[in-house]
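Spelled out, the chains give:
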Amino acid sequence: MAAELHVALVAADREVWSGQATLVVARTTSGDIGVMPGHQPLLGVLESGPVTIRTSDGGTVIAAVHGGFISFADDKLSLLAEIAELSDEIDVQRAERALERAKSDDDASAERRAEVRLRAATAR
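Note on numbering: residues in each chain are counted from 1, in written sequence order. Residues qualify for local features only when their pLDDT is at least 70, as the model is predicted, and side-chain atom pairs are given and counted only at 80 or more; totals for whole chains, interfaces and linings, by contrast, use all residues. Processing note: side-chain calculations cover all non-hydrogen atoms of the structure and skip hydrogens and water entirely.

**A short note on the UniProt feature "domain: ATP synthase F1 complex delta/epsilon subunit N-terminal" (unreviewed entry) in the protein**
- UniProt positions are given in the numbering used here, feature names are shortened, and annotations may be inferred rather than shown by experiment. Within this structure's numbering, the places UniProt gives as "domain: ATP synthase F1 complex delta/epsilon subunit N-terminal" (unreviewed entry) are residues 5–83.
- Helix and strand definitions follow DSSP, with helices as H or I runs of at least four residues and strands as E runs of at least two, each counted in order from the N terminus. When the span residues 5–83 is considered, its composition is 0% helix and 77% strand, and the gap between its end C-alpha atoms is 23 Å.

Take a look at the structure:
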C-alpha cells in the first residue's frame, strides 16, 4: 500500500489544488468520506461542503466545494467540482454579507453556499 495519494481538486474554471496527500475528507450524497492511500476505488457525487486535505508534508488544505464528483483509483483522487475555493481565497466579510442577503431573500441554496464558504474560511 502506498503511503500517499495524488490529489487533484479541479473547478469548472481552473485547477484549484494538486499535490500529494495522506488523507482527504469530503462530503458526498452518501455522507462524509475519508480517503487514504490504498482505499477501494470509488465514484461519488459531491455535496456542498468543506474538503480537507492533509498534505504529505503535514500541512492542511481546506476548500469550499459546491457540487461535483469524486473519483479514486490507483492512489489517484480527483475532485471535480462545479465551484471550489481554497479557504485562504475566501473573503470572510463578503461571505458573511452573502449569508445575510441569502437569509433575507429566503434563498436556501445561496444560504448553504455562504455557510460552506464561511466554514471553510474559518477552519484555516
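**Description of the nonpolar core**
- Here, nonpolar core refers to any group of buried Ala, Val, Leu, Ile, Met, Phe, Trp, Tyr and Cys residues whose side-chain atoms link them within 4.5 Å. Note on classification: 1.4 Å probe, protein chains only; a residue is buried when its accessible area is under 20% of the maximum for its type, exposed when over 50%, partly exposed between these limits. By size, the foremost hydrophobic cluster in this structure holds 24 residues, and its most contacted members are V7, L9, V24, I53, V65, L77 and L79.
- The contact criterion used throughout is that any non-hydrogen atoms of two residues lie within 4.5 Å. The residues touching V24, leaving out its near neighbours within four places in the chain, are L5, V7, I33, G34, V35, V51, T52, I53, L77 and L79.

**What to know about the layout of surface pockets**
- Volume-wise, the largest pocket comes out at about 200 Å³.
- The pocket and cavity definitions rest on a 1 Å grid over protein atoms only: a 1.4 Å probe that fits but cannot leave marks a cavity, an open set with protein on both sides within 12 Å along at least five of seven lines marks a pocket, and residues lining either have an atom within 4 Å of a point. What lines the largest pocket is E85, R94, A98, R101, A102, D105, D107, A110, R113, A114 and R117.
- Elements that contribute at least two residues to the lining of the largest pocket include exactly α1 (92–105) and α2 (108–122).
- The leading source of residues in the lining of the largest pocket is α1, at 5 residues. Grid points are joined across faces, edges and corners, and a volume is the space filled by probe spheres set on the points.

**Some words on the domain arrangement of the protein**
- What counts as a domain boundary in this text is fixed by an automatic or database domain assignment. By the assigned domains, the protein splits into domain 1 (5–87) and domain 2 (90–122).
- Computed over C-alpha atoms, the centres of domain 1 and domain 2 are 22 Å apart.
- Simply put, the buried area is the total loss of 1.4 Å probe accessible area from both parts when two parts are fitted together. Summed over both sides, the interface of domain 1 with domain 2 buries roughly 800 Å², with 58% coming from carbon and sulfur.
- When the buried area of domain 1 at its contact with domain 2 is split by residue, H66, E85 and S87 rank highest and sum to 46% of it.
- A pair is scored as a salt bridge if a Lys or Arg side-chain nitrogen falls within 4 Å of a carboxyl oxygen belonging to Asp or Glu. A salt bridge links E85 to R117; the nearest nitrogen and oxygen atoms lie 2.6 Å apart.
- Whenever two N or O atoms come within 3.5 Å, that pair is a polar contact, provided that in protein one can donate a hydrogen and the other can accept it, and provided that, for residues adjacent in sequence, both atoms are side-chain atoms. Where domain 1 touches domain 2, the interface holds 3 residue pairs in polar contact (both at pLDDT 80 or more).

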